[in-house]
Structures are given as C-alpha cells and as structure tokens.
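Read off the chains here:
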Amino acid sequence: MVTEDGDTENKYKRADAAETSSERRAPVGRRRFLQAAGAGTAVALAGCSGGGGDGGPVTLGAAYILSGFASLYGEEAERGIEFAVSEINDNGGIDGRDVEVLVRDTEASGDTAIQQIRSLVQEDNVDGLFGLDSSGVAQAVAPQISQLQMPFMITHAATPFVTSPQGEHEDSVGNEYVFRDSNSLAQDVYGAARTAQELDATEWATIGPDYAFGYETWDYFQAYCDGLGVEAEFTAEQFPALATSDYTPFISSILDADPDAVLTPLWGADLTTFIGQAESAGWFDQIDHTLFSVGMGTDLPSDGSPLPEGEYASTRYDPFVPDTEANNSFREAYYEEYGSLPTYNAEGAYRALHLYKEAIESAGSTEPDALVDEFTGMEHSGPVGEYQFTETNQATVSSIWGTVTYDEEWESNVLDPVNRYEAGPDVLSDALGDSDLPTGI
C-alpha cells in the first residue's frame, strides 16, 4: 500500500547493496536558543581511549541504558555504533582520522548519566556526545550539557521538552547544545492521534510508565485528539512504576473501565512483561484496539512476549520505508552482519556517527561550538530518509505507525501496512490547537 503523504510502498524485499548515505547542509541561525537563554562501565568501540587531538582518533562519548529492564535498547545502540565505526573507518575515517566511541551505562538514572557524561567530557576529553534512552534522564541531563558546552545528539529519549527552549514551558530544558536525530514524543503521538481518527473507538485509556514519558504521552494524545477533532472520551489511566513485575492490578483496573482502545507507551522489559500478563487476562479479546507507542523499538525479545499481530504500533525508524538505496543497503548489510533487522535505536546511533562525520569534516575542526554551528539547521539524509534540524534542534523526521505483522522471510515483526505522517512544526502546532504544550520542533 502507498503510505501517508505520498511516501513509497512498504515492500519486504531484499535489495542489492548501494550507497548508505548522502548528506548536505543549509545553515540556520541559533537565535531562538540564545534569545530563550536571555529569558557504569565504559566500553571502547574501536581504537584506543583518549581525547581526539589533531593527530589522534576522533573520540565520541555515548550514554545508553546497558543494564536493567531496558538494557536491550543499549545493546541495539551498541550494534549501530559498531556498524557505523567500521563503515566510517573502512572508508577513510573522519578527515583521515579513525573514529572511536566510548559507551557508558546510564543505568536509566539521571544522576548516573550526569556522572558518566561529565567523566566522558572532563576525563576522557571526548569530542562530542550522543545517546540517551529515557525521557526523564534526558530532562536531567540537558541543563548539564549547556554547562559543559559540548554538543549532544540525542538518538532515542523522546520528551519534547529537551528541544523546547527554556522559558517556552515550565518543563522546557532545551538549549543550543542539545540536538535530537530521532522523532520526539510530540511527533510520535501525533501519529497515534492520526491513527485514532481512523478507528471505531470513542472511549480511550492508557497504561504507561510512572515518569515523564508516560504522563507526557497521555497529555499529548489528549491534546492532539482535541485539536484534530477526534471523538474521544478519556476514561481510565494507570501508571505503574518502572520495572514492575506484576501488572495484574493495573490490567484489571483498565479492563474494569472497559474502554474501546488503549494507548500504551510501556517499553523495554516492562512492555514484554505487560504483554504476557495482558494476554493471560484476556486483554486482547476485550480491548478492541491497543496502540503501542514506539512498540517496534526491539525485535522479538527472547525473554518476553512479542507484540500481538493486528495491533497498532509505532517506530522511529522502519527498515523498509522509505524505499531508498540508503535504507535498503543499510538494512541488507546490517542483517547480513547481525542476523536481524535494524531497530530504531541501532539506526539512530548509527546515524549520529554519520552526523558527527559530516559536521567535523565541514567545520574542519572538533571544536564544540564549531560543531554546534554545523549541526544547527543541518540537512541530512540517511536510512530514515531526508530531514533537517529545526531552529529548536529537533530533526523533522516522520511519525511512523502501522499494523503489527509477522514476516516469515525476516523472522520478525514488521509494520504492514505502514503510514508515515509528516510531523513538522506547522503540522504539530495546528494539531495541538489551543493546548499550551510545546511542539518541541
């Protein structure tokens, strides 16, 4: 089927190898952030540890969840990093210098993430930073990045408030040093509301994690439904703590409310634990539609239940759409290397290294402010497609939603059919209507 906004068909065909990326840049000023300001364990991937310097390797620091309930996300990011490092170094490096990445575990903790990131900057003398999985961690880290004056490319954490300039909203912590190459919660949930428009469902509930990501997902969904004129009544909400082992009381509460549909942003092992217990409770027999926000973040987890076929889910990157040489060749090469389709955390981390490569080569320097200038307004093309960083440093990538389908050839869940909803600043602003929530883009 043809995807939303004229994008290409989602076909699960293997393609011949091709070029992996093409990149270009169009500068945009940093005025918005400047005006708003007025108002674990380290793993070295390739090369030796240490600062960049003119003669040594370019050294980047990455911070992901490598232990605990969401460690699979960090493991996927490490694959993307390893893949990009090999690809870049095998093709001349960055301005003739090898690139290396020091990866550290945030443990899903803001305090730990800050300690690790400060160590990467002040002790390891890295030339740039990227990563982060948790919205709560990202909101804690963003102000520290401004103090460190080091560019940080977020590749996963979704809260819109890290790309919403300070002063725009009471929770906004965006600043000129923080960028994001993946879609944000505001972009993703816009797609959820667009999906809701097409469903025969009027009573909605949510079950989400008890921190920023869970609450923000529900707030934005309600605002978008109102702004888009979706006939929806919001009847129940449950917010279990992270790493909950028994979802029974939360599941029972939602089932007692008997909504037509549920939006859930549960993730990591929490998501797979919930799915197994929900299936046992008859959830998918009683609830007509369950929408899994970024539910395609992992393949089929070995320690939990996969997403049920026929339900709706989103992803920040689809390995089949867009149907371009860059995406097809990345998917093919990644599958050949790892035996599985690339997840969005792998692709986001992979792309972060290519963004740094372009910025450093364009600037002719690894000086932090020079890289910030290069990232600001950069246009880029990679497996995810073509996009640009807006004046708030958010990438204009699409919101991707589709129907969960198991594909025998790839031995994986995929989205088929799949829709790509354009989610730029004007689209989101119009859809939020009278809400005071920021677009973060």
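Scroll up to find the structure.
Read on for a plain summary of the structure. Small disclaimer: the values here were computed from a predicted structure and weren't measured.

### Details of unusual backbone geometry
Inference 1: Look at the link from Val-321 to Pro-322: it is a cis peptide, with omega at 5°.
Inference 2: One can find Pro-322 in the loop between strand E12 (312-315) and helix H10 (325-338).
Inference 3: Phi at Asn-393 takes a positive value of approximately 75°, unusual for a residue other than glycine.
Inference 4: Among the residues examined, Asn-393 registers a relative accessible area of 1% and is labelled buried.
Inference 5: Positive phi outside glycine occurs at Glu-411, with the angle close to 50°.

### Side note on a negative patch on the surface
Inference 1: Together, Asp-200, Asp-256, Asp-258 and Asp-288 line one region of the surface with negative charge.
Inference 2: Within the secondary structure layout, Asp-256 lies in helix H7 (residues 248-257).

### A word on the packing of helix H5 (residues 185-197) against helix H13 (residues 425-432)
Two quantities define a packed helix pair, namely the angle between the helix axes and the distance between the axes.
Inference 1: The geometry of H5 relative to H13 is characterised by a closest axis approach of 11 Å and an angle of 60° between their N-to-C directions. Considered as vectors, H5 and H13 are oriented oblique to each other. Seen along the crossing, H5 lies across H13 with a hand that is left-handed. Here H5 contributes Ala-186, Gln-187 and Tyr-190 to the contact with H13, which in turn contributes Val-427, Leu-428 and Ala-431.
Inference 2: When grouped by side-chain class, the residues that make up the contact of H5 with H13 number 5 nonpolar, 1 polar and no charged.

### Some remarks on the side chain of Ser-314
Inference 1: Along the polypeptide, Ser-314 turns up in strand E12.
Inference 2: Note on Ser-314: relative accessible area 0%, which makes it buried.
Inference 3: The contacts of Ser-314, once residues within four sequence positions are left out, are Asp-188, Phe-292, Ser-293, Val-294, Gly-295, Met-296, Ile-400 and Trp-401.

### Describing the sheet that holds strand E10 (residues 261-264)
Backbone hydrogen bonds are what pair the strands of a sheet, in a parallel or an antiparallel way.
Inference 1: What the 7 strands build is an open sheet, ordered E9-E8-E10-E11-E12-E15-E16; its pairing is mixed. Each edge of the open sheet carries a strand with a single partner, namely strand E9 (233-238) and strand E16 (412-421). For this sheet the average axis-to-axis angle between neighbouring strands, irrespective of direction, equals 25°.
Inference 2: Along the sheet face, H7 touches strand E8 (203-207), E9 and E10 and points at about 165° away from the line of E9.

### What to know about the nonpolar core
Inference 1: Membership of the largest hydrophobic core comes to 103 residues, with the highest contact counts inside it found for Ile-81, Phe-130, Phe-221, Tyr-224 and Leu-353.
Inference 2: Mapping this core onto the domain boundaries places at least three of its residues in each of domain 1 (6-183 + 322-388) and domain 2 (186-319 + 398-431).

### Some remarks on the pattern of salt bridges
Inference 1: Scanning the entire structure with this criterion turns up 5 salt bridges.
Inference 2: Between Arg-331 and Glu-332 there is a salt bridge, with its nearest N and O atoms 3.5 Å apart. Glu-332 shares its class with Arg-331; the two are buried.
Inference 3: We note a salt bridge from Glu-347 to Arg-351, for which the minimum N-O separation is 2.7 Å. Of this pair, Glu-347 and Arg-351 both sit in helix H11 (residues 344-363), 4 residues apart, which is roughly one turn of the helix. Each of the two residues, Glu-347 as well as Arg-351, counts as buried.
Inference 4: Look at the salt bridges and you will find they share partners, linking Asp-181, Glu-347 and Arg-351 into a network.

### Regarding the pairing of strand E4 (residues 99-105)
Here is the key point about a regular strand: its side chains alternate between the two faces of the sheet.
Inference 1: Judged by how many residues are buried, E4 sits mostly within the fold: 7 of 7 residues are covered.
Inference 2: Along E4, one buried face is formed by Val-99, Val-101, Val-103 and Asp-105 and the opposite face, lined by Glu-100, Leu-102 and Arg-104, is buried too.
Inference 3: Where strand E3 (residues 58-64) lies against E4, 7 bridges are found, and the strand directions are parallel. Bridge assignment links Ala-62 to a residue of E4, and that residue is Val-103.
Inference 4: Of the crossover connections in this fold, the one passing from E3 over helix H2 (residues 71-89) to the parallel E4 is right-handed.

### Re the environment of His-354
Inference 1: Along the chain, the position of His-354 falls in helix H11.
Inference 2: Among the residues examined, His-354 registers a relative accessible area of 6% and is labelled buried.
Inference 3: Taking the C-alpha atoms as reference points, His-354 and Ala-84, 270 residues apart in sequence, are found 7.4 Å from one another.

### Considerations on the packing of aromatic side chains
Inference 1: This structure, assessed with the given rule, holds 27 aromatic pairs.
Inference 2: Ring centres 5.1 Å apart and planes at 85° place the aromatic pair Tyr-356 and Phe-375 in the edge-to-face group. Taken together, the residues span a long stretch of sequence, with Tyr-356 in helix H11 and Phe-375 in helix H12 (residues 368-375) at a distance of 19 residues.
Inference 3: Note on Tyr-387 and Phe-389: the rings are 5.8 Å apart at their centroids and 80° apart in plane angle, and the pair reads as edge-to-face.
Inference 4: The buried category is assigned to Phe-389, whose relative accessible area is 1%.
Inference 5: Site record: aromatic cluster; members linked through ring pairs are Phe-83, Tyr-317, Phe-330, Tyr-334, Tyr-338 and Tyr-350.

So, how was this worked out
- Residue numbers here run from 1 along each chain, matching the order of that chain's written sequence.
- Where totals are concerned, whole chains, interfaces and linings use all residues; where local detail is concerned, this predicted model gives features only for residues with pLDDT of at least 70, and gives and counts side-chain atom pairs only at 80 or more.
- Side-chain numbers come from the whole structure's heavy atoms, not from hydrogens or water.
- The numbering of helices and of strands both runs from the N terminus, where a helix is a DSSP run of H or I of at least 4 residues and a strand a run of E of at least 2.
- Whether a residue is buried, partly exposed or exposed follows from its accessible area with a 1.4 Å probe, protein chains only, as a fraction of its type maximum: under 20%, in between, or over 50%, in that order.
- Patch membership requires more than 30% relative accessible area and the absence of a salt bridge. Residues of like charge join within 9 Å; the nonpolar side chains Val, Leu, Ile, Met, Phe, Trp and Tyr join within 5 Å.
- Per-residue and other accessible areas were derived by the Shrake-Rupley procedure at a 1.4 Å probe size, with only the shown protein chains allowed to occlude residues.
- Just to be clear on terms, a salt bridge is a Lys or Arg side-chain nitrogen sitting within 4 Å of an Asp or Glu carboxyl oxygen.
- The charge count includes Lys and Arg as positive and Asp and Glu as negative, but it does not include His or the ends of the chains.
- All charge positions are set by atom: Lys at NZ, Arg at CZ, Asp at CG, Glu at CD.
- Axis definition: a line fitted to C-alpha atoms, limited for helices to the stretch in contact. Angles are taken between N-to-C directions and run from 0 to 180 degrees.
- Reported orientations rely on four angle classes, namely roughly parallel under 35 degrees, roughly antiparallel over 145, roughly perpendicular from 65 to 115, and oblique for the rest.
- Two helices that cross are described as forming a left-handed crossing if the nearer one is turned anticlockwise from the farther one by less than a right angle, and a right-handed crossing if clockwise.
- Contact between two residues is taken to exist if any of their heavy atoms lie within 4.5 Å; hydrogens are not considered.
- Gly is put with the polar residues, along with every residue not named as nonpolar or charged; the nonpolar set is Ala, Val, Leu, Ile, Met, Phe, Trp, Tyr, Cys and Pro, and the charged set is Asp, Glu, Lys and Arg.
- Here a strand pair is declared whenever DSSP counts at least two bridges between the two strands.
- In this description, a nonpolar core means a group of buried Ala, Val, Leu, Ile, Met, Phe, Trp, Tyr and Cys residues linked to one another through side-chain atoms lying within 4.5 Å.
- What marks off one domain from the next here is an automatic or database domain assignment.
- Handedness is read with the strands pointing away from the viewer; a crossover is right-handed when the path from the first strand over the helix to the second is clockwise.
- Any two of the Phe, Tyr and Trp rings considered here, Trp counted by its six-membered ring, make a pair once their centres fall within 6.5 Å; the pair's planes then place it as stacked at under 30 degrees, edge-to-face at over 60, or tilted in between.

So far we have only geometry, and geometry alone does not tell us how the molecule works.
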